[in-house]
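Survey of secondary and tertiary structure
So the chains spell out like this:
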Amino acid sequence: MSIIFTPIKVTGMPGYQRHWLIMALFFGTSFLVLWSNYTKFKLGGITFLESTILFCTFICTFQPIIASWSAVIGLLVMAFGNAEKSVYPYFDAKGPLPELRSRTALTIFMRNEDPSSIFDRLLAMHNSLSQIGRLQHFRFVLLSDTTHPDVMCMEDKGFARIKDNLGIGTYQSPFYRRRSKNIGYKGGNMYDYAENHSKGDEFFVPLDSDSVMSGDMLVRIVSSMERYPQIGLLQPAFIGMPSVSAFSRLTQFGSRYYLPVNYLGLSWWANDCALFWGHNAIIRTRVFREHCKLPILSGKPPLGGHIMSHDIVETMFIRRAGYECRLLPIITESYETFPPTLIEAMNRQNRWFQGDMQYFFLLKEPGLKLINRFQVCRILSKSLSPIAWLVMTLAFNIKSRLENPDATGVGVSVFSQWFIVRIFPRIAAILAIAAISSEIKRYGGIFRFVISVLLEHLFVSIVSMAATVSMTVFFCGLLRGKSIKWDAQNRDRLGLSWRHTFRVFWVENLIGLGIIWLTITQDTSHRLLALAISLFLLVPVTVLTASPRFSCIVTRLRLFTTPDENPVSPLLSRLVAPEIVAISKAKAVEKALQ
């Protein structure tokens with residue numbers, strides 16, 4: 001049964017009107033895109049290939065249209081609004097550090113990874129809370145799903161080593177437990193904590209193995225939860241920790257400049273129905289325990305059985321129970337690490353894709369709000385869009401040969417529409433940063449920022465086309481019952497051999513050869529040729545961006561610099577690579593001498 005609270009008061013348009021507005025903007029824009037294409041096809045009737053192209057266009061443009069309107073809204077709020085009152089009136093980012101009266105567990109989830117860096121991050125958070133005098137309101141809970149005996153041994157020894165230090169000043173001694181059966185993936189681990197080990201914890205903060213949050217940030221989000229009982233879940237935006245990996249730096253840079261304006265717009269329209277991203281959030285423990293036991297889906301894994309991507313389901317269950325779910329869209333000291341190589345990033349993307357494919361049941365789950373179902377459709381379309389893009393490309397080429405030689409011109413029009421709505425959010429983000437000269441300096445100056453943006457766009461263009469093939473291959477494997485393992489992740493190791501990389505991407509290279517053969521023997525479009533080039537570049541780009549030597553050059557040139565390494569915060573000074581800290585200190589000295 002849902003609990004009825006008075007909604008948090010925001011200035012401007014009420015929350016439910018924002019929900020209707022974003023849906024109206026989406027369907028209106030999508031209709032215009034589809035209608036413009038339909039009018040080009042309708043002469044002589046719509047064929048099967050044309051219907052396929054229109055359907056794939058809808059799937060491919062779903063997320064970009066939403067992102068574009070989020071960017072527009074974010075720019076409008078920045079220029080003319082007051083985000084502190086219209087978007088996040090529940091959070092005080094600038095006032096004095098509040099006193100607390102509650103207890104919060106910092107829960108970190110571990111699985112088959114070297115725990116030494118995990119323990120370093122926990123100690124850094126402990127030290128941060130100690131410096132501001134709020135340790136007595138927190139405790140540390142380590143929840144392991146490790147199955148490898150050697151990692152188990154490292155966890156046991158490491159916890160014994162830091163247990164006393166980690167328990168100083170907290171309201172309860174650190175707690176460590178390892179499940180004998182890893183039922184339900186991470187979602188099962190989280191619910192096991194809430195059901196069996198959460199006594200006395202009013203709130204809990206789920207943290208991944210690579211997560212870290214500052215004491216100031218933790219205290220302020222706990223204070224928000226204390227002052228607003230309507231909030232069941234509060235998800236602060238998190239950013240990547242500064243890295244020396246060329247691949248990590250590149251992807252973190254793109255994410256970092258994209259975040260402020262786009263997340264502001266997203267938070268504005270999502271309002272009280274924002275989504276949970278799985279970690280670096282704060283959750284009301286009792287609400288989670290009572291409403292977030294995940295169902296076991298019908299059918300066999302990977303599409304049935306236990307739910308892999310738990311976060312979206314949990315946030316919708318919390319909202320169904322009557323509690324608000326909020327996204328805090330400002331930059332704070334809430335961090336994660338980005339994958340150090342393209343191979344690791346694609347493995348992560350495949351895990352997310354496999355989890356997303358289980359969300360179809362949410363479309364008919366009783367009690368969910370309409371905006372939540374709309375968000376499920378957005379997530380599904382975002383995951384399926386690479387496959388839809390590839391199908392659409394093939395359909396255009398077949399159509400141009402079999403049905404209409406003039407289809408190439410229509411194809412250019414369709415792909416241009418897709419490109420515009422896809423690139424607009426990034427242009428909006430760049431404009432928002434360029435408007436503030438002090439912010440540009442924190443990205444390394446205008447010259448480095450422009451060069452980094454261009455290189456990042458080139459990299460994304462190459463990889464995203466090749467990823468359409470990789471995702472399609474993985475999707476075909478899912479349909480045959482093949483799934484990716486939920487296991488340890490590479491967080492910081494650099495260096496990939498050509499042989500290993502080619503072994504990973506041999507299917508993509510074989511498909512690239514097939515496309516080249518078609519280009520030579522048949523009259524195919526430039527789009528297929530571009531796809532073939534992207535597939536052939538996949539191996540060298542992967543090896544290059546994972547190279548320690550190349551990464552060192554990129555770091556020394558300060559390419560893909562983000563504000564979070566200029567300067568490095570005290571919280572991260574012992575967690576990031578020494579090279580990053582040294583460059584940050586040298587820059588600070590240079591600034592002081594000016």
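Residues numbered from 1 in each chain as written. Predicted model: local features only at pLDDT ≥ 70, side-chain atom pairs only at ≥ 80, totals over all residues. Heavy atoms only, no water.

1. Looking at the sheet that holds strand β7 (residues 239-240)
Pairing is mixed in the open sheet, where 3 strands are placed in the order β5-β10-β7. Of all the strands in the sheet, just β5 (212-213) and β7 have a single pairing partner and so form its edges. In the sheet, β7 pairs with strand β10 (residues 334-336) via 2 bridges, with the strands oriented parallel. Within β10, the position partnered with Gly-240 by the bridge is Glu-336. (Pairing = 2+ DSSP bridges. Helix = DSSP H or I, 4+ residues; strand = E, 2+ residues; numbered from the N terminus.)

2. A short note on the layout of surface pockets
Estimates place the volume of the second largest pocket at around 800 Å³. Around the second largest pocket sit 37 residues that line it, and Tyr-88, Pro-260, Pro-329, Ile-330 and Ile-331 are the ones nearest its centre. Breaking the lining of the second largest pocket down by element, the ones donating at least two residues are α2 (48-80), α3 (83-86), α7 (215-227), α8 (246-270), α13 (407-434) and α14 (437-442). It is α8 that provides the largest number of residues to the lining of the second largest pocket, a total of 5 residues. Of the residues in the lining of the second largest pocket, the class split is 23 nonpolar, 5 polar and 9 charged. (1 Å grid on protein atoms, 1.4 Å probe; cavity = no way out; pocket = protein on both sides within 12 Å on 5 of 7 lines; lining within 4 Å. Points joined across faces, edges and corners; volume = space filled by probe spheres on them. Nonpolar A, V, L, I, M, F, W, Y, C, P; charged D, E, K, R; others polar.)

3. Structural notes on the nonpolar core
Formed by 72 residues in total, the largest nonpolar core has its most connected members in Tyr-90, Leu-106, Leu-142, Leu-218, Trp-269 and Leu-572. Those residues in contact with Trp-269 that sit more than four places away from it in its chain are Arg-18, His-19, Ile-22, Ile-66, Ser-70, Ile-73, Ile-371, Gln-375 and Arg-378. Core analysis: the second largest hydrophobic core is formed by 51 residues, Phe-253, Tyr-257, Phe-459 and Ala-532 among them. (Core = buried A, V, L, I, M, F, W, Y, C linked by side-chain atoms within 4.5 Å. Buried < 20%, exposed > 50% of the residue type's maximum accessible area, 1.4 Å probe, protein only. Contact = heavy atoms within 4.5 Å.)

4. Remarks on the sheet that holds strand β4 (residues 203-207)
Reading across the sheet, the 7 strands line up as β3-β2-β1-β4-β8-β6-β9 and stay open at both edges, with mixed pairing between neighbours. Looking at strand neighbours, the two that pair on one side only are β3 (175-178) and β9 (324-328), the edges of this open sheet. Across the sheet, the axes of successive neighbouring strands diverge by a mean angle of 20°, strand direction being ignored. The pairing of strand β6 (residues 231-236) with β9 spans 5 bridges and is parallel. Bridging from a neighbouring strand, Ile-231 pairs with Glu-324 of β9. (Axes fitted to C-alpha atoms, helices over the stretch in contact; angles between N-to-C directions.)

Without other data, these values stay purely geometric and don't point to any function.
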